Structures are given as C-alpha cells and as structure tokens.
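So you can see what is in the structure, the chains are spelled out below.
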Amino acid sequence: MQQIQGYHAHVYFDAATQAQARELCEQAAQLFAVSTGRMHQRAVGPHPDWSCQLAFGPDVLGEVLPWLALHRKGLVIFLHPLTGDELADHRDHAIWMGAVRPLKLSIFGG
C-alpha cells in the first residue's frame, strides 16, 4: 500500500458562495493544523470550478474530514490523499462531499 504523505481538500465555490467558502477555509485554519491556499476565482489544474485548497497531514484527517462534512453547508468539497501518484489520487482515491464534479484528469496523463 502506498504511503499517504498528506491530504488536500479543495473547497469549490462560485461568485455567490465565495464568502461562505472563505469563511469555511479560515475557520478550518483556525481550528486545525491546515494550510490554506488562495481563493482561485477560475478553474485551476484539474478542478472545474473556482476553489480554495486546504492542505494537511494524515494525523489530522480524522478531525478535519468530519468537521468539513458537518460545516460545508452545501459547498462541494473534493478531498484526496497525496501518495505521489497524482492521477490515482485524483481519480481513484478521492472523497467527494456533495456533487461529484468532472475533473480534468488529462493533465495527469489519464
């Protein structure tokens, strides 16, 4: 089994939910050992929607994942491990909260 080095949770939003997403990400950073990325107001990488990334270690997954599930208030969140195999991490090992969105996996050769 591949070693999981960490996790990324991508909080998806649009113009109408941007403030809600910012608040969620800021709260997560205050409560847990997570790093918050920029609020991208465009599709970035494989992500089809605007997003903000939360990065964290395996040691806090058990706290962060259920908190996100209970506090996302309808926002779509895409969570994946970091194993070194980006295609598999995004395609095969993903955890979706809310609607599954079509990722642009071709950037990983998939």
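Everything discussed here concerns the structure shown above.
Conventions adopted
- Residues numbered from 1 in each chain as written.
- Predicted model: local features only at pLDDT ≥ 70, side-chain atom pairs only at ≥ 80, totals over all residues.
- Heavy atoms only, no water.
- Pairing = 2+ DSSP bridges.
- Helix = DSSP H or I, 4+ residues; strand = E, 2+ residues; numbered from the N terminus.
- Axes fitted to C-alpha atoms, helices over the stretch in contact; angles between N-to-C directions.
- Contact = heavy atoms within 4.5 Å.
- Core = buried A, V, L, I, M, F, W, Y, C linked by side-chain atoms within 4.5 Å.
- Buried < 20%, exposed > 50% of the residue type's maximum accessible area, 1.4 Å probe, protein only.
- Arc of directions from axis to C-beta.
- Parallel < 35°, antiparallel > 145°, perpendicular 65-115°, else oblique.
- Left-handed = near helix turned anticlockwise from the far one by under 90°.
- Nonpolar A, V, L, I, M, F, W, Y, C, P; charged D, E, K, R; others polar.

K.L.:
For this particular structure, what's the right way to read the sheet that holds strand 2 (residues 34-40)?
P.N.:
Strands pair in a sheet through their backbones, by hydrogen bonds, and they do so in one of two ways: parallel or antiparallel. Across the sheet, which stays open at both edges, the five strands sit in the order 2-3-1-4-5 with antiparallel pairing between neighbours. Edge positions in the open sheet fall to strand 2 and strand 5 (95-97), since each of these has one partner strand only. Put simply, the sheet's adjacent strands are angled 20° from each other on average, direction ignored. Along the sheet, helix 1 (residues 18-31) contacts strand 1 (6-13), strand 2, strand 3 (50-56) and strand 4 (77-82); its crossing angle with strand 2, the most-contacted strand, is approximately 165°. Packing of helix 2 (residues 61-71) onto the sheet brings it into contact with strand 1, strand 2, strand 3, strand 4 and strand 5, and relative to strand 5 it is tilted by some 30°.

K.L.:
Whenever I open this one, the nonpolar core confuses me. Can you help?
P.N.:
Where a protein is soluble and globular, its nonpolar side chains tend to be buried together. V11, L54, F56 and L68 are the most contacted members of the largest nonpolar core, which totals 23 residues. Of all the secondary-structure elements, those providing two or more residues to this core are strand 1, helix 1, strand 2, strand 3, helix 2 and strand 4. When sequence neighbours within four positions are dropped, the list of residues in contact with L54 reads Y7, H8, A9, V11, C25, A28, V34, S35, T36 and L68. Y12, F78, L103 and L105 belong to the second largest nonpolar core, which has six residues in total.

K.L.:
How do you make sense of the environment of S106 when you look at a structure like this?
P.N.:
Mapping S106 onto the fold places it in the segment after strand 5. Residue class for S106 comes out exposed when judged on its relative accessible area of 57%. Residues S106 and G62, spaced 44 residues apart in sequence, show a C-alpha to C-alpha distance of 31 Å.

K.L.:
In this structure, what is going on with helix 2? I would like to understand it.
P.N.:
For the α-helix, the turn length of 3.6 residues means that residues three or four positions removed from each other point alike. All of the buried residues in helix 2 are L61, V64, W67 and L68. An end-on view of helix 2 places all buried positions within 145° of arc, on one side of the element. Projecting away from the buried face of helix 2 at angles above 90 degrees are the exposed residues G62 and L70. Looking at the buried positions of helix 2, the neighbouring elements they touch are strand 1, helix 1, strand 2, strand 3, strand 4 and strand 5. Phi turns positive, to about 45°, at K73, one or two residues after helix 2.

K.L.:
Honestly, the packing of helix 1 against helix 2 in this entry has me stumped. Any pointers?
P.N.:
For any two helices packed against each other, the geometry comes down to the angle between their axes and how far apart the axes lie. One can describe the packing of helix 1 onto helix 2 by two numbers: an axis separation of 11 Å at closest approach and a directional angle of 150°. Taken together, helix 1 and helix 2 sit at an angle that is classed as roughly antiparallel. Considering how the two elements wind past one another, helix 1 and helix 2 form a crossing that is right-handed. Taken together, the residues of helix 2 that come into contact with helix 1 (itself represented by L24, Q27, A28 and L31) are W67, L68 and H71. Residue classes in the contact of helix 1 with helix 2 are distributed as five nonpolar, two polar and no charged.

Worth remembering: the numbers are spatial, not functional.
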